[in-house]
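Residue-level structure breakdown
So you can see what is in the structure, the chains are spelled out below.
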Amino acid sequence: MGPVELLHMSVFSQSFSPCGRFLAAGNNYGEIAIFSLSAALSPDATDLSQKPILTFTAHEGPVFTLLSTDTHLLSAGNGEISAWSWVELTKRSTKAVWTRRPNYKSSLEIPEINAMIINPKDNSLIVGGGDNNIHIMDMETGTFKSVLQGHTDYIHCLALKEREGEILSGGEDGAVRIWDSRTRQAVHCIEVFKYEECARPQFGKWISCLATDSDWMLCGGGPSLSLWHLRSMSPTSVFPLAGCQREAVFHQDVIFAVGEGPHVSHCLLGGSVKAQIPCTSPSLNTLALNLSSTEHRVMTAAGSSDKIDVFTNFSYRAFSLSF
Amino acid sequence: MFEFNESEVDGLHCVVCNSEAEKKNTLDQVLRGVLEEQIVSICSATTPFLLLGDVLDCLPLDQLLKSSPSWRRMFPRGNLCNSFYSAGKNYLLRMCNDLLRRLSKSQNTVFCGRIQLFLARLFPLSEKSGLNLQSQFNLDNITVFNKNEQESTLGQQSSEVKEDGMEVEEGEMGDEDAPAPCSIPIDYNLYRKFWTLQDYFRNPVQCYDKFSWMTFVKFSDETLAVFKSYKLDDTQASKRKLEEMRTAGGEHVYFAKFLTSEKLMDLQLSDSNFRRHILLQYLILFQYLRGQVKFKSSNCVLNDDQTAWMEDTTKLVYQLLRETPPDGDKFAGMVEHILNTEENWNSWKNEGCPSFVKERPAETKPTRPSSRKRAAPEDFLGKGPERKILMGNEELTRLWNLNPDNMEACKSDSREFMPSLEDFFEEAIEQADPANMVEDEYKVVRNSNYGWRALRLLSRRSPHFFQPTNQQFKSLDEYLENMVIKLAKELPKDLPSEEIKTGEEEDENGVSLLKTGSDSLQAGLQNKPVTNSQMDEIAGKLGDGWRLLADQMEMKASEVREIESDSEDVDLQAKMLLVAWQDREGNQATMESLITALNAAGFTAIADSLSEA
């Protein structure tokens, strides 16, 4: 990987291992790098521990989304989903356990897969991508059970309301659709750009980030990042963030959002921006919180550079891992 | 001597006995009246301080702490009146320093602080012993932190837990009983860099060294970047904490040093007080580096880059201070003001700490009204307009005022009692002269009293006393004889000796001899006094004509008649004449004068025969 490639690298996705000690990151060259968090966070960390322990090419195209189950790492990029065993990965073995492809209507163009989530209730994998549809795959059998159709443009992001079993999807068409996972029907459709307080026509209407927390929903993208009360289907707070946000998560009382701009924004539920923590990348694509492990409870953010910033204390950048 | 009054005696007695309440009461009583004006009349001004010092030395620490209110009452205004100040300030200083040494700074901080405050109020501002004149730093204030990874407490703890929890399942490890193995990821880099900065604050002179400066800049930039990005939460955290503190009503805890455990790093970073400490440390450091301090060595100068960096960082620090809740702006303003006043103090120290007390200009004092009922104290102490010390009695006053200043009187010349060497040893020198043939036992040097005085005088006046000599003296008188002889050789001979005298006479006679043109060689012989045998001879030759010689010798008629009546023998009469003449003349009765007289009387033959002899 020469310096030019490093310069043009973008990291699109991250995922922590189930034990919490490893981080997998996927970039635009189709590579996945596994980093050892425990080595990087230990007191005697050196520069070497900030390099991946394993890098391998997973897909031909960029790896847009990564997801970890209890045992496997799922990666998806240009239309196919691959599964890797974490145990094998830590042993430096890069053989995929399986690779599957949803049923696409046209076989000419292979649409990319932008988002993947897992529904633990019925152990199904929900996949959304460039063909405007949401595919649901059964993890045990590996068959694609159903397709949710409704979006008129490609899907950016997916979120799951576990309690009600509802799937939220946001797409390029600016609509947030809420689907019932059992009936496979769209329950609601919110066109965010139609609400004046949120709309930012100069950026467009696309929704690139979705997060939900019981009755609340965060969505943002072209329109401003806004907090919605799902029962009343109305925006309660709009966050005055400058760029388009590409990922947002709820964490305790704070909302972390990343997007355009070299910072992680901490926002309060009331709608104010508490802090903007500077990062190394000029813009960020992905944010991940390692909540499964207490020892390595860090936040990592990555974007349009080969560096992944690690925050041990969420308020400042501790160090950076690099590809 | 002074006398204790009864209560004081009781007090002292009860300090020794066991009753607590009694002790406290009597100590109160004892100490209350001690520093009042009346003491001056009872005893000397230093006695109360000696008393206090002894009491403090005897009391154990817990007694001291309990009795501290009494001390406060003793110095109500925190300062002493003038009469006590000069007498007691050194005692008090020593007392307080001893106390401070006994007390622990971290446990008895309040009491230590009170003692320091008292000392500060006791001495004037310009008292140099209380000032840090040379701007020295407390170099011993080293902040200890885990530099070495192996020593990290985290590693140890997890191994401890492992040992304990061997039997325990994984899920239960880290539960309530055992201390949880560190649940927070630690940023070791930041930890190490952050606490290394404390070393620069401890010893700012390091900053002038190029490599240390570079490290300092790097670490500071990182730390300040962390501060900048980690904005503190105003409303939630700090207010709650403040309220908790107030409601708990707990004692304000004082930590002398920073707690540098790694686990605290996160908490410390989110604490606004801690952040203020660190930012303030930066500002103080920068003020020192920039400032003109007289005692800084000449190579402690910053170059332009460093100054520029310092300015930028100062602006950043102030901005961070303003952003730190609560009341960041106010705090930053106050800090700036205080640092500006520090500049004044710095220049005051550079000037050598001149006193702030203005000298009163010499005013003409208003003339005292001449009528006074009692003599003003200055009068009888010798400071009044007449400058006389009144002794209460005319005669005594007169005597005393001959010279009121005893020291001056002692210095006057009339009190110079030590004799000169010549005076004292005159007698001894004379006796030492073998011609005088004084016997040893009569010599004055044998007198032990004289000998002792002689030694004292020699030691004061004579260099011979100190010259080393190989001679062994068996006794004092021998030594003194030796010294006396040495002195005799040195001393100017103003003692009239006959030789000198005849020398003078010789000159006179020499002139006359030259005139007569006779044998000057024989003049030597002629200088001698006339001896008996010579007188017999002359008398025989004179015979009857002695009366003529008597006329010439200017003998009185009464003497002539006396001689005539004394004896009938003419020779004898002549002899008696010559004897009388010799008696009269004394030393002048030389052959020369006799010859002259004979010639004048007409006995030229006799005179010639005498001259020939």
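Refer to the preceding data block for the structure.
Keep in mind the model is a prediction, meaning the values are calculated, not measured. (Residues numbered from 1 in each chain as written. Chains lettered and ligands numbered in written order. Predicted model: local features only at pLDDT ≥ 70, side-chain atom pairs only at ≥ 80, totals over all residues. Heavy atoms only, no water.)

**Looking at the overall build of chain A**
Selection rule: Strands are runs of DSSP state E lasting at least 2 residues, helices are runs of H or I lasting at least 4, and numbering of each runs from the N terminus. For every residue, the accessible area obtained with a 1.4 Å probe (protein chains only) is divided by the maximum for its type, and the residue is called buried under 20%, exposed over 50%, and partly exposed between those limits.
The helix and strand inventory of chain A stands at three helices and 28 strands. Looking at chain A as a whole, 58% of its 323 residues are labelled buried.

**Section: unusual backbone geometry**
Here the bond from P325 of chain B into P326 of chain B is cis, since omega is -15°, no more than 30 degrees from zero. Inspection of the secondary structure puts P326 of chain B in the loop between α15 (304-323) and α16 (328-350). The residue R184 of chain A is not glycine, and still its phi comes out positive at about 60°. Counting through the fold element by element, R184 of chain A comes out in the loop between β15 (175-180) and β16 (185-191). Within the chain, M233 of chain A stands out as a residue other than glycine whose phi angle is a positive 55°. In this fold, M233 of chain A is placed in the loop between β19 (226-229) and β20 (234-238). A residue is classified by how much of its surface remains accessible, and M233 of chain A, at 17% relative accessible area, is buried.

**Some details on the interface of chain B and chain A**
How we decide: In what follows, residue pairs with any heavy atoms lying within 4.5 Å of each other are defined as contacts. A 1.4 Å probe defines the accessible area here, and the buried area is the portion of it lost by two parts on being joined, summed over both. Just to be clear on terms, a salt bridge is a Lys or Arg side-chain nitrogen sitting within 4 Å of an Asp or Glu carboxyl oxygen. Classes in brief: Ala, Val, Leu, Ile, Met, Phe, Trp, Tyr, Cys and Pro nonpolar; Asp, Glu, Lys and Arg charged; the others, Gly included, polar.
Contacts between the two partners involve 16 residues from chain B, matched on the other side by 17 residues from chain A. Carbon and sulfur atoms make up 57% of the surface buried where chain B meets chain A, a total of about 1400 Å² over both sides. Run the count over chain B and chain A and you get zero salt bridges. Contributions of two or more residues to the side of chain B that touches chain A are made by α10 (188-202), α11 (210-229) and α13 (265-269) of chain B. Counting residues per element, the side of chain B that touches chain A draws most heavily on α10 of chain B, at three residues. Taken together, the residues that form the side of chain B that touches chain A break down as nine nonpolar, two polar and five charged.

**Comments concerning the sheet that holds strand β22 (residues 254-259) of chain A**
All names here are of chain A. The cut-off we apply is this: A pair of strands counts as paired when DSSP detects no fewer than two bridges linking them. For helices, the axis comes from a line fit to the C-alpha atoms of the stretch in contact; other axes are also lines fit to C-alpha atoms, and the angle between any two N-to-C directions lies between 0 and 180 degrees.
The sheet built from four strands is open, its strands ordered β21-β22-β23-β24 with antiparallel pairing. Both outer strands of the open sheet, β21 (245-251) and β24 (273-278), are each paired with one neighbouring strand and no more. Each neighbouring strand pair of the sheet contributes to a mean axis angle of 20°, computed without reference to strand direction. Pairing of strand β23 (residues 263-268) with β24 involves five bridges; the strand directions are antiparallel. Directly across from H263, in β24, lies its bridge partner P278.

**Structural notes on the packing of helix α27 (residues 557-566) of chain B against helix α28 (residues 570-585) of chain B**
Residues and elements named next belong to chain B. This is how it is decided: Crossings are sorted by hand: turned counterclockwise from the far helix by less than a right angle, the near helix makes the crossing left-handed, and turned clockwise it makes it right-handed.
Following both chains from N to C, one finds α27 and α28 inclined at 140°, their axes separated by 9 Å at the closest point. The interaxial crossing formed by α27 with α28 has right-handed handedness. Residue-level contacts link I563, E564 and D566 of α27 to Q573, M576 and L577 of α28. Considered class by class, the residues forming the contact of α27 with α28 number three nonpolar, one polar and two charged.

**Section: a nonpolar patch on the surface**
Using the following cut-off: Without a salt bridge and with relative accessible area above 30%, a residue can belong to a patch; like charges are then joined within 9 Å and nonpolar side chains (Val, Leu, Ile, Met, Phe, Trp, Tyr) within 5 Å. Computed with the Shrake-Rupley method and a 1.4 Å probe, the accessible areas treat only the protein chains shown as cover for residues.
A cluster of nonpolar side chains, M391, L396, L399, W400 and L402 of chain B, forms an exposed patch at the surface whose accessible area comes to about 470 Å². Examined against the element boundaries, L399 of chain B turns out to sit in helix α18 (residues 394-402).

**Points about the pattern of salt bridges**
Considering all chains together, one arrives at 14 salt bridges over all chains under this definition. A salt bridge links D180 of chain A to R182 of chain A; the nearest nitrogen and oxygen atoms lie 3.9 Å apart. Given the relative accessible area of 14%, D180 of chain A is considered buried. Accessibility expressed as a relative area gives 64% for R182 of chain A, which makes it exposed. The partner of R398 of chain B in a salt bridge is E395 of chain B, with the nearest N and O atoms 2.8 Å apart. Of the two residues, R398 of chain B and E395 of chain B are both situated in helix α18; the distance of three residues between them amounts to about one turn of the helix.

**Notes on the nonpolar core**
As a reminder of what qualifies: In this text, buried Ala, Val, Leu, Ile, Met, Phe, Trp, Tyr and Cys residues form a nonpolar core when linked through side-chain atoms within 4.5 Å.
W213, F216, F227, L269, Y282 and L289 of chain B are the most contacted members of the largest nonpolar core, which totals 44 residues. Secondary-structure elements contributing two or more residues to this core are α10, α11, α13, α14 (272-290), α15 and α16 of chain B. By residue number, the principal contributor to this core is α14 of chain B, which donates nine residues. Once residues within four sequence positions are removed from consideration, L269 of chain B is found in contact with Y316 of chain A together with L190, V226, F227, Y230, L232 and R275 of chain B. Within the second largest apolar cluster, 28 residues are counted, among which are V530, L549, M553 and A580 of chain B.

**Some details on the pairing of strand β28 (residues 319-322) of chain A**
Residues and elements named next belong to chain A. Of the two faces of β28, the one holding F319 and L321 and the one holding S320 and S322 are both buried throughout. Bridge analysis of strand β27 (residues 307-311) against β28 gives four bridges, and the strand direction is antiparallel. When the bridges of β28 are listed, I308 appears paired with L321.

**Comments concerning the sheet that holds strand β1 (residues 11-16) of chain A**
Residue and element names in this part refer to chain A. Taken together, four strands build an open sheet; the order of strands is β1-β2-β3-β4 and the sheet is antiparallel. Only two strands of the sheet have a single partner each, and these edge strands are β1 and β4 (54-57). Adjacent strand axes in the sheet meet at a mean angle of 20°, parallel and antiparallel pairs treated alike. Bridge count for β1 against strand β2 (residues 22-27) is five bridges, and the pairing is antiparallel. Of the residues in β2, the one forming a bridge with Q14 is A25.

The values are spatial; any link to function lies outside them.
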